[in-house]
Amino acid sequence: MTEAIATPQLFTGDRVVENAVLAWEGGLVSYAGPAAGFRGDAEPVPGGVVPGFVDCHTHLPFFGWRADEFEARLTGRSYRDVHGEGGGIARSARMLAAASDDEVLEFCRPLAAEMLTHGTTALELKTGYGLSVEAELRQARLARRLASEIEQTCTVTLLACHAVPEGMERPDWVEAVCGELIPAAAAEGLADAVDVYVEDIAFTIDDLEAVAAAAGSRGLPLRVHADQLGPSGAAEAACRLGAHSADHLNHVSAEGVRTLGASPTIAVLLPASTFMLRADPPPARALIEAGASIALATDFNPGTSPVLSMPEAIAIACSLYRLEPIEALRAATATAARVLGLDGRLGTLESGKRADFVILDSTDPAFIPYRPGHNPLRTVHLNGRQVA
Ligand code: NIG
Ligand code: FE
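These notes cover the structure that comes with them. (Residues numbered from 1 in each chain as written. Chains lettered and ligands numbered in written order. Predicted model: local features only at pLDDT ≥ 70, side-chain atom pairs only at ≥ 80, totals over all residues.)

## Some points on the nonpolar core
Core analysis: the largest hydrophobic core is formed by 130 residues, its most contacted members being L22, V211, L296, I314 and A336. If one sorts the elements of this core by residue count, helix α12 (residues 310-321) sits on top with eight residues. Each of domain 1 (2-51 + 348-386) and domain 2 (53-339) gives at least three residues to this core. (Core = buried A, V, L, I, M, F, W, Y, C linked by C-beta atoms within 7 Å. Buried ≥ 20, exposed ≤ 12 C-beta atoms within 10 Å, placed from the backbone. Helix = DSSP H or I, 4+ residues; strand = E, 2+ residues; numbered from the N terminus. Domains from an automatic or database assignment.)

The structure is reproduced here in structure tokens:
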């Protein structure tokens with residue numbers, strides 16, 4: 001049976017259609033276009049309609065918060081200081097290790113539900129708080145379990161090279177990741193992609209190359225935390241290695257901008273972590289003008305971005321990075337789906353894609369960034385079915 005709604009403004013993930021109809025059958029979009037071109041009945045809805053948001057960079061599953069580190073950063077400590085003092089990623093790893101599987105899932109389920117009420121219908125889950133071969137495999141299994149229990153479509157990324165495990169040397173950990181962890185995770189079907197945090201407090205370009213080779217030999221796409229705290233040439237390396245994305249980019253060089261502009265590697269911008277760290281914004285307009293594809297995500301994690309709302313990330317991207325509302329919405333839906341390799345199934349409202357969409361409480365999608373702090377959604381639909 002075909003169901004259909006008529007809306008004053010439909011954003012398809014690519015363009016805005018005024019006076020539009022969205023129709024679906026069996027959970028998949030069967031029509032998305034001008035009302036004049038639709039034959040059949042459509043129920044009028046008062047709000048604009050946009051694709052469900054695809055949060056293509058999160059650090060779920062994690063366990064516990066680090067609000068005191070946020071306060072410490074407000075009184076003069078830097079993210080690097082907190083990291084060096086045993087806080088940061090290592091602290092989240094200790095909290096995860098101390099929690100049972102059930103405790104972790106009980107912590108994460110309501111967060112995923114809250115993401116759904118903010119319109120996130122697909123998301124990335126990542127490891128990176130395990131920091132031993134066994135603990136990373138455990139976190140990846142927890143991610144797969146979480147994915148099976150929540151409503152949204154999820155992918156899992158292995159970010160074993162997030163921090164050097166306490167008591168270990170960096171080269172030894174990279175060797176374990178490449179020689180043991182990636183093969184084990186691939187054999188168990190636990191990962192859809194592999195990520196590396198390239199930074200002076202984390203991993204080098206040589207480490208990235210080693211991980212890229214190990215991931216590539218298992219057919220796993222590469223992603224890179226690139227140039228977040230300082231410039232390292234990680235964006236250029238990500239492009240050279242054929243990574244799906246280079247993420248953060250607050251300190252990307254002019255050469256990195258040019259390279260991303262000429263490469264299929266997607267620039268994933270994470271404005272909520274920029275906001276929370278009071279960091280320099282990345283050169284978003286220069287990236288767009290160079291020809292780079294831009295995606296937006298929350299970077300949801302207990303350290304740099306305890307923000308799970310895509311509308312909030314979109315609002316910050318517009319005000320701080322000066323994205324135009326439709327650029328930001330495209331980055332948060334269609335392009336974000338490409339980052340996760342889900343674009344064949346979702347991310348845009350066009351025939352054959354999943355009917356994952358959001359009905360707004362205003363007619364104009366530009367109201368999403370215009371009212372930060374306000375949840376701009378009336379209802380959220382997965383496969384056409386109302387879920388929030
Ligand atoms: O993307 N910078 C590296 N990783 C995260 C932060 C992780 C944490 O502090 O727990 C990020 O910002
Ligand atoms: Fe991140």
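## Here's the deal with the site of ligand 1
I89, S273, N301, G303 and T304 are the nearest of the 13 residues found near ligand 1. For the shell around ligand 1, the element with the highest residue contribution is helix α3 (residues 88-98), accounting for three residues. Of the residues assigned to the shell around ligand 1, the class counts are three nonpolar, nine polar and one charged. (Near = placed C-beta within 6 Å. Nonpolar A, V, L, I, M, F, W, Y, C, P; charged D, E, K, R; others polar.)

## Description of unusual backbone geometry
Residue P61 is reached from L60 by a cis peptide bond, and omega for that bond is -5°. With respect to the helices, strands and loops of the structure, P61 is situated in the loop between β6 (53-55) and α1 (67-74). Even without being glycine, N19 reaches a positive phi, approximately 45°. Position of N19 relative to the elements: it lies in strand β2 (residues 16-25). Phi angles above zero are rare outside glycine, and D227 is one such case at about 55°.

## Some thoughts on helix α7 (residues 205-217)
Its 13 residues give α7 an end-to-end C-alpha distance of 18 Å, which sits within 8% of 18 Å, the value for a rise of 1.5 Å per residue. Among the residues of α7, D207, L208, A210, V211, A212, A214 and A215 are the ones counted as buried. Buried residues along α7 sit in contact with β8 (153-161), α6 (170-187), β9 (193-197), β10 (222-226) and α8 (234-240). G219 sits one or two residues past α7 and shows a positive phi near 75°. (Expected span 1.5 Å × (residues − 1). Contact = placed C-beta atoms within 7 Å.)

## What to know about the sheet that holds strand β11 (residues 245-248)
Reading across the sheet, the eight strands line up as β6-β7-β8-β9-β10-β11-β12-β13 and stay open at both edges, with parallel pairing between neighbours. Of all strands in the sheet, those bounded by a partner on one side alone are β6 and β13 (294-296). For this sheet, the mean angle separating the axes of adjacent strands, direction not counted, is 25°. Sheet topology places β9 next to β10; four bridges connect them, and they run parallel. Within the sheet, the bridge partner assigned to V196 lies in β10 and is V224. Packing of α7 onto the sheet brings it into contact with β8, β9 and β10, and relative to β9 it is tilted by some 175°. (Pairing = 2+ DSSP bridges. Axes fitted to C-alpha atoms, helices over the stretch in contact; angles between N-to-C directions.)

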